Amino acid sequence: MDHLTKCIQLDMECAAICRAAAELMSLGSNHSAQLCGICAELCDACASECEKHAQMGMEHCRECAEACRKCAQACREMAHL
């Protein structure tokens, strides 16, 4: 289970920043684009880590990586990157 520690940490960080970005966007914040840029970076990092475990047959990690990649792309679009 130790090999999943980094993955789980990144999952939690990704979820936290996604919630924060969504909240700032819902408030019409002038800073949401900046946070979306950071969110995209973190989602990509999470996806990369999850893809390592997906290659070992962990289906939930494959699903997580796919969701993170989609989120990262949406964040880049919101941030106009």
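Below, the structure is looked at part by part. Predicted model, so just to flag it, every value in this text is computed and none were measured. Throughout, residues of each chain are indexed from 1 in the direction in which the sequence is written. Side-chain atom pairs in this predicted model are given and counted only at pLDDT of 80 or more, local residue features only at pLDDT of at least 70, and totals for whole chains, interfaces and linings cover all residues. Side-chain measures were taken over the full set of non-hydrogen atoms in the model, leaving aside hydrogen atoms and water.

1. A closer look at the overall build of the protein chain
Then, in step 1: Helix and strand content of the protein chain: three helices and zero strands.
Then, in step 2: Helix and strand assignments come from DSSP, with helices taken as H or I runs of at least 4 residues and strands as E runs of at least 2, each series counted from the N terminus. Taken from the N to the C terminus, the helices and strands of the protein chain come in the order α-α-α.
Then, in step 3: Out of the 81 residues in the protein chain, the part that is buried amounts to 32%.
Then, in step 4: Contact criterion: two residues are considered in contact whenever any of their non-hydrogen atoms come within 4.5 Å of each other. Taking the intrachain contacts of the protein chain between residues at least 6 apart in sequence as the baseline, contacts between residues at least 24 apart amount to 63%.
Then, in step 5: For the accessible areas, the method is Shrake-Rupley and the probe is 1.4 Å, while residue cover comes only from the protein chains on display. Total accessible area computed for the protein chain in this model is approximately 5,100 Å², and 59% of it derives from carbon and sulfur atoms.
Then, in step 6: Counted as positive: Lys and Arg. Counted as negative: Asp and Glu, with His and the chain ends omitted from the count. The atom standing in for a charge is NZ when the residue is Lys, CZ when it is Arg, CG when it is Asp and CD when it is Glu. Each charge sign in the protein chain was given a centre, from 7 positive and 12 negative side chains, and these centres are 3 Å apart. Each residue is placed in one exposure class: buried if its accessible area under a 1.4 Å probe, protein chains only, is under 20% of its type's maximum, exposed if it is over 50%, and partly exposed if it falls in between.

2. Quick word on the pattern of salt bridges
Then, in step 1: Whenever Lys or Arg places a side-chain nitrogen within 4 Å of a carboxyl oxygen from Asp or Glu, that contact is recorded as a salt bridge. Summed over the entire model, instances satisfying the criterion amount to eight salt bridges.
Then, in step 2: When the shortest N-O distance is used, the salt bridge between Arg76 and Asp44 registers 2.7 Å. Placement of Arg76 in helix H3 (residues 59–79) and of Asp44 in helix H2 (residues 32–54) is noted, with a sequence separation of 32 residues between them.
Then, in step 3: With its nearest N and O atoms 3.0 Å apart, the salt bridge here joins Glu51 to Arg69. On the criterion of sequence distance, the pair formed by Glu51 in helix H2 and Arg69 in helix H3 is long-range, its members being 18 residues apart.

3. Quick word on the packing of helix H1 (residues 5–26) against H2
Packed helix pairs are specified by the crossing angle of their axes together with the interaxial distance, meaning the distance between the axes.
Then, in step 1: A fitted line through C-alpha atoms represents every axis, and for helices the fit uses only the stretch in contact; the resulting angles, taken between N-to-C directions, go from 0 to 180 degrees. It is at 9 Å that the axes of H1 and H2 come closest, and there the two elements cross at 155°. In terms of their interaxial angle, H1 and H2 are classed as roughly antiparallel. For the element pair H1 and H2, the recorded crossing hand is left-handed. Here Lys6, Cys7, Leu10, Asp11, Glu13, Cys14, Ile17, Cys18, Ala20, Ala21, Leu24 and Met25 of H1 come into contact with H2, specifically with Ser32, Leu35, Cys36, Ile38, Cys39, Leu42, Cys43, Ala45, Cys46, Glu49, Cys50 and His53.
Then, in step 2: Any residue outside Ala, Val, Leu, Ile, Met, Phe, Trp, Tyr, Cys, Pro, Asp, Glu, Lys and Arg is labelled polar, Gly included; the first ten of those are nonpolar and the last four are charged. Per-class residue counts for the contact of H1 with H2 are 18 nonpolar, two polar and four charged. Each angle receives one of four descriptions, namely roughly parallel if under 35 degrees, roughly antiparallel if over 145, roughly perpendicular if within 65 to 115, and oblique otherwise. Throughout, a crossing is termed right-handed when the near helix is turned clockwise from the far one, and left-handed when it is turned anticlockwise from it by less than a right angle.

4. A few points about the environment of Met58
Then, in step 1: Among the secondary structure elements, Met58 is positioned in the loop between H2 and H3.
Then, in step 2: Linking Met58 and Met12, residues 46 residues apart in sequence, is a C-alpha distance of 18 Å.
Then, in step 3: If we skip the residues at most four places from it in the chain, Met58 touches His3, Leu4 and His53.

On their own, these measurements won't tell you what the molecule is for.
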